[in-house]
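Examination of the molecular architecture
What follows is the residue order along each chain.
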Amino acid sequence: MDAKNSERVSGSEALLRALIREGVDTVFGYPGGAIMPVYDALMDHTDEINHILVRHEQGATHAAEGYARASGKPGVCMVTGGPGATNTLTGIADAMLDSTPIVVIAGQIANELIGTDAFQEVDFTCVTQPISKWSYQISSPDEISRVVARAFFVATSGRPGPVVLTITKNAQTGMTCYRPEKVTYIRSYDDDPEIDITRIREAAAAINAAKRPFVLAGQGIELGGAQDEFRKFVEKGELPFGCTLLGLSVMPTAHPLNKGMLGMHGNYCNNVKTNECDVLIAVGMRFDDRVTGNLATYARQAKVIHLDIDPSEIGKNVPADIPVLGNCRKSLAMLTERLVHMDRSEWIDSFGKYQEEEYRRVIDRELHPSEGPLNMGEVVSAVSSAAGDNAILVTDVGQNQMMAARYFRFGQKRSIITSGGMGTMGFAIPAGIGAAFARPDRTICVFMGDGGLQMTVQEFGTIMEHQVPVKMILLNNSYLGNVRQWQQLFYNRRYAFTHLENPDFQVLSSAYGIPSRRVIERSGLKDAVEEMLSTDGPFFLEVCVAEEGNVMPMTPPGHPIDNMLMEC
């Protein structure tokens, strides 16, 4: 072992060396008293670690999420204790539900003060245990190398997720003999379950015998790096598929077997065919209620094959006739070897009737209105067409999210970053920042509503300071649009507290030195989009859209998934 790696250093220095050893080059954070020794040591490592000062700790976690989702590497954020730590809770929970690998490092008061209700004392380890994959408090500098290595292994292996490390002042300031460590195995933690070949044979036989198979593609394909294996699987079997919200970019939108999005605001054909298929093959997805609708009526006629790396997901919501536990990159390859090529053109063609109905009753009206205010969908389509296949879509939550998911077109993997399971408003701007640092070679298109924007608008300061080249598109309808839509449909148009009195967003962006433009008329949209995409650095495009525009089609809550409203 070389001298540098065996010398005595402070715990803060050991922490930074351990992060560098794990390949960390970017940290999103906000300093404070309980983490100050680490920040002081960080001044000696600015050539190795790029620290991005966010304007709120929630922004740090979402930025780490965006970094992780765009790069495939774990995102890292660092905050102080007390309120600085608790401000990260929403982002940690968001990462947990969406299986996003982030490592959150939070400062903590000195060991001898713990339990005395000292200034800014919070038992952050206990608080975060239910919403993280692993949460641990480091109390001694001698623990740091081993614990950090374990944290990154846990965050990125198996089903990924957030890991929380709290580090006390004693651990930061005390001295230790730093020795780099690497963790590749933890007793009782099976990160790569052995695949049961019997289940593979059963699944292959069921698929080969199927007349009407349908595949549900989830984010697990992306997380497992199994995009190529999935493509070979569906192409060899001539298997039509639909995608979950987080799985939309596992295959190009234009692929002939890709039938679009599943679920409440998904494509009509997918939801109908889910309840008509004879074999349903779920890959790396968890049968979320927004995908299934009423479980009592969901795919009752189908034999269900479920491929997943997490045993707790198989059979949790929808019983699996053939459970296939394991990494889908391996299981898909094993399945494909055993598939017999079938001519399923008649079954695939049967989707067309429902696609045509949806186009006529929903899509054509959304994208090609003859008059009236701009629609959200036509704005998304215009940006997508101009940005091309190189773009990464980042969305906030609400109508902007569903419209972007429906009308943005994907050509590359890892091209959608959005809050799925948690549905976190305010996610978009900081997640877009993280994505931009992860993939400076790609165009980052950030869609948001006027409600979500104002939840994390302070991150305009981060964008200003670093000139982060995010292209922000505000779909401004002066409403909390998704809630207003539900109020219209299910609460007799009683728009209880969903109308927004907004600031002048052009003045706001100008205050941060961010170039901007407002579009009201349809005739100005094309030029504004071109200006946004051709501008170096950040740009803020505000588009005033129909105030009472709705996302259609829609399955009402509690209804069968194929019982979709086409208009209202």
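Placed above this text is the structure.
So, here's what we can say about the structure. Remember, it's a predicted structure, so these values are computed and weren't measured experimentally. (Residues numbered from 1 in each chain as written. Predicted model: local features only at pLDDT ≥ 70, side-chain atom pairs only at ≥ 80, totals over all residues. Heavy atoms only, no water.)

Things to note about the pairing of strand E13 (residues 303-308)
On a regular strand, each side chain points to the face opposite its neighbour's, so the side chains alternate between the two faces of the sheet. Short version of the rule: Throughout this description, buried means an accessible area under 20% of the type-specific maximum (1.4 Å probe, protein chains only), exposed means over 50%, and partly exposed covers the range between. Secondary structure elements follow DSSP: runs of H or I no shorter than four residues count as helices, runs of E no shorter than two count as strands, and numbering proceeds from the N terminus. The pairing criterion for strands is at least two bridges between them, as found by DSSP.
Of all 6 residues that make up E13, 5 are buried, and the element is covered over most of its length. Alignment of strand E12 (residues 279-283) against E13, held across 5 bridges, turns out to be parallel. By the bridge assignment, Val-279 is partnered in E13 with Lys-303. Note that E13 and strand E14 (residues 322-325) share 4 bridges and pair parallel. What sits directly across from Asp-308, in E14, is Leu-325.

A few points about the sheet that holds strand E2 (residues 26-30)
Heads up, the rule is: Between N-to-C directions, angles span 0 to 180 degrees; the directions come from axes that are lines fitted to C-alpha atoms, helices contributing only their stretch in contact.
In space, the 6 strands of this open sheet follow the order E3-E2-E4-E5-E7-E6, with parallel pairing throughout. A strand with exactly one partner marks an edge of an open sheet, and here the two such strands are strand E3 (50-53) and strand E6 (134-138). Taking the axes of each pair of neighbouring strands and ignoring which way they run, one obtains an average angle of 20 degrees across the sheet. Sheet analysis places strand E5 (residues 102-108) next to strand E7 (residues 163-168), joined by 6 bridges and oriented parallel. When the bridges of E7 are listed, Ala-106 appears paired with Thr-166.

A short note on the pairing of E12
With respect to burial, E12 is a largely interior element, 5 of its 5 residues being buried. Because side chains alternate across E12, one face comprises the buried residues Val-279, Ile-281 and Val-283, and the other comprises Leu-280 and Ala-282, equally buried. For strand E9 (residues 213-217) and E12, the ladder comprises 5 bridges, and the chain directions are parallel. Bridge pairing links Pro-213 to Val-279 in E12.

A few points about the packing of helix H17 (residues 376-387) against helix H18 (residues 399-407)
To characterise two packed helices, one gives the angle between the axes of the helices and the distance between these axes. Our working definition: If an angle is under 35 degrees, it is roughly parallel; if it is over 145, roughly antiparallel; if it lies from 65 to 115, roughly perpendicular; otherwise it is oblique. Rotating anticlockwise by less than a right angle from the far helix to the near helix defines a left-handed crossing, while the corresponding clockwise rotation defines a right-handed one. Residue contacts are defined here by distance: any two heavy atoms, one from each residue, within 4.5 Å place the two residues in contact. Nonpolar residues are Ala, Val, Leu, Ile, Met, Phe, Trp, Tyr, Cys and Pro. Charged residues are Asp, Glu, Lys and Arg, and all others, Gly as well, are polar.
Running from N to C, H17 and H18 cross one another at 50 degrees; their axes reach a closest spacing of 9 Å. It follows from the interaxial angle that H17 and H18 lie oblique. Pair H17 / H18 crosses with right-handed handedness. For the pair H17 and H18, the contacting residues are Met-376, Gly-377, Val-380, Ser-381 and Ser-384 in the first and Gln-399, Met-403, Ala-404 and Tyr-407 in the second. For the contact of H17 with H18, the class distribution of residues is 5 nonpolar, 4 polar and no charged.

What about the sheet that holds strand E17 (residues 443-449)?
Here we have 6 strands laid out as an open sheet, ordered E16-E15-E17-E18-E20-E19, and parallel in their pairing. Of all strands in the sheet, those bounded by a partner on one side alone are strand E16 (416-417) and strand E19 (516-519). Pairing of strand E15 (residues 391-395) with E16, which is carried by 2 bridges, proceeds in the parallel orientation. Directly across from Val-394, in E16, lies its bridge partner Ile-417. Most of the contacts of helix H24 (residues 525-534) go to strand E20 (residues 539-544), to which it runs at about 165 degrees, and overall it touches E17, strand E18 (470-476), E19 and E20.

So yeah, pure geometry; function would need other evidence.
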